[in-house]
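Single-letter residue listing:
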Amino acid sequence: MMESWRWFGPLDTISLDEIAQTGATGIVTALHEVPYGEVWTRQDIAARKALIAEAPGPMHWAVVESLPIHEDIKRGAGGLTALFANYRQSLANLAAEGVTTVCYNFMPLLDWTRTTLNAALPRGGHALRFDAGEMAYFDIHMLARDGAEADWSDAARTRAEDMARTATDADRERLVNAIMAGLPGAYARYDVESLCAALAPWAGITADDLRAAYRTFLQEVIPTAEELGVRMCVHPDDPPRPLLGLPRIVSNAEDIAAILEMVESPANGLTLCAGSLGANPVNDVPAIARRFASHIHFAHLRNVAKEPDGSFQEAAHLEGDTDMPALIAALLDEEARRTAQGRPDDTIPMRPDHGHALVSDLTRKTHPGYPLVGRLRGLAELRGVIAGLNHGRAT
Ligand code: DNO
């Protein structure tokens, strides 16, 4: 498997020189500064590629994460012709520069969502955490969204009631900041008021409506991607459940099967994100990897520990609820199958997704979830599993 590493571009406080020292060869990045819906020009793509090539290496731009989809496409609203044309043009420009694996998501408005960015770990260090009670408090009491109560378990609602009595302004500010932290790059963050305004146009939009919009997107984009040799790979919902009344349709095996059937093509693929899928108790992540193996173009390897009320906390890469060696074995089997079919270069780039904030991470400002030492620990552990499994195969 190709070892890759997410780099948020020149504004990332972790430099390419540092990333080179991790041993990763594939860089996962995006032109985060380009607003959603606008074309990524060939010139800008080439410039980003050149930055990566100049760093110690060899390293190359292996995966785009993400080429974002404009909200109007997700809502199926308004004249979308220009937006689809722009998306196809960005794919063509990426392909012309040899960048052909493109990750994206179809989550309305929000991206990955947590309620705490620095949950204390027993041995020191911090983890990202999704606390169902805190999210319920945000939804029911801060946003005061119609129908919010019905979306939460009794346990989460009880905790939300407790918080309504005790939370301070500082607690509320921390919660909003944590919830917004998943939006990558330089995009606008919402406060409570602007989030309510952004949610309004989504009122009444069902999972089926979102699926119809998704089908249109795939029909518009996948044939071009296939012609260009680009492999699109959808990132699952994180967490894999509807949130704030917004439908989510990439949350489990049935969702994935439906999406892959909408437009059947090798270009219509999946980012196997172990952490996102693993946060839902119905998902057996190694089984999902085996079922959809031929469509996996990119893997995010991380782990979560789930709790009965729907909360979860990010675990060390080899701890938590997903059997990571079993998952990696599934991915290595798929790579072996591709090699046997004469496609030895068709490897699955993987990156250590997220990481605990450890040691010097605790005093260094980086993207939430993307510290240097914690991810380096994750990569080293995953590398060890891969080496062990490969050794087993060779003998
Ligand atoms: C979180 C990431 C996601 C991912 C996007 C892909 O750490 O895995 O933000 O980049 O959802 O579009």
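Draft legend 1. A look at the site of the ligand. Neighbouring the ligand are 15 residues; Glu 65, Ser 66, Asp 111, His 354 and Tyr 370 lie closest to it. Here an oxygen atom of the ligand sits 2.8 Å away from a polar atom, N or O, in the side chain of Asn 105. Between the ligand and the protein, one listed contact pairs an oxygen atom with a side-chain N or O atom of His 354 at 2.5 Å. Burial of the ligand by the protein chains amounts to 99% of its free accessible area of 330 Å². The element contributing the most residues to the shell around the ligand is strand E4 (residues 101-105), with 3 residues.

Draft legend 2. Geometry of the domain arrangement of the protein chain. Looking at the assigned domains, one finds that the protein chain contains domain 1 (2-113 + 206-394) and domain 2 (116-200). Here domain 1 and domain 2 have C-alpha centroids that lie 25 Å from each other. If you look at the interface, domain 1 gives 31 residues, while domain 2 gives 34 residues. Regarding the contact of domain 1 and domain 2, the summed buried area is about 2,800 Å², with carbon and sulfur atoms giving 64% of it. Among the residues of domain 1 in contact with domain 2, Leu 109, Leu 244 and Gln 313 are the three that bury the most area, contributing 23% of the side total. Applying the counting rule to domain 1 against domain 2 returns 1 salt bridge. With a closest N to O distance of 2.8 Å, Arg 129 and Glu 307 form a salt bridge. Counting the contacts that link domain 1 with domain 2 gives 7 residue pairs in polar contact (both at pLDDT 80 or more). Looking at the side of domain 1 that touches domain 2, the element that brings in the most residues is strand E11 (residues 312-315), giving 3 residues.

Draft legend 3. Representation of the pairing of strand E8 (residues 268-273). Within E8, 6 of the 6 residues are buried, which leaves it mostly tucked inside the rest of the structure. Two strands pair when backbone bridges link them, and strand E7 (residues 231-235) and E8 are joined in this way by 3 bridges, in the parallel orientation. Bridging across to E8, Met 232 finds its partner in Asn 268. In this view, the connection linking E7 to its parallel neighbour E8 by way of helix H10 (residues 253-262) has right-handed handedness. Here E8 runs beside strand E9 (residues 296-301); their pairing, made up of 4 bridges, is parallel. Counted as the bridge partner of Leu 270 is Ile 296 from E9.

The rules behind these values
- Residues numbered from 1 in each chain as written.
- Predicted model: local features only at pLDDT ≥ 70, side-chain atom pairs only at ≥ 80, totals over all residues.
- Heavy atoms only, no water.
- Near = heavy atom within 4 Å.
- Polar contact = N/O pair within 3.5 Å; in protein donor to acceptor, adjacent residues only side chain to side chain.
- Areas by Shrake-Rupley, 256 points an atom, 1.4 Å probe, with all protein chains shown as cover.
- Helix = DSSP H or I, 4+ residues; strand = E, 2+ residues; numbered from the N terminus.
- Domains from an automatic or database assignment.
- Contact = heavy atoms within 4.5 Å.
- Buried area = accessible area lost by both parts, 1.4 Å probe.
- Salt bridge = Lys/Arg side-chain N within 4 Å of Asp/Glu carboxyl O.
- Buried < 20%, exposed > 50% of the residue type's maximum accessible area, 1.4 Å probe, protein only.
- Pairing = 2+ DSSP bridges.
- Right-handed = clockwise from strand over helix to strand, strands pointing away.

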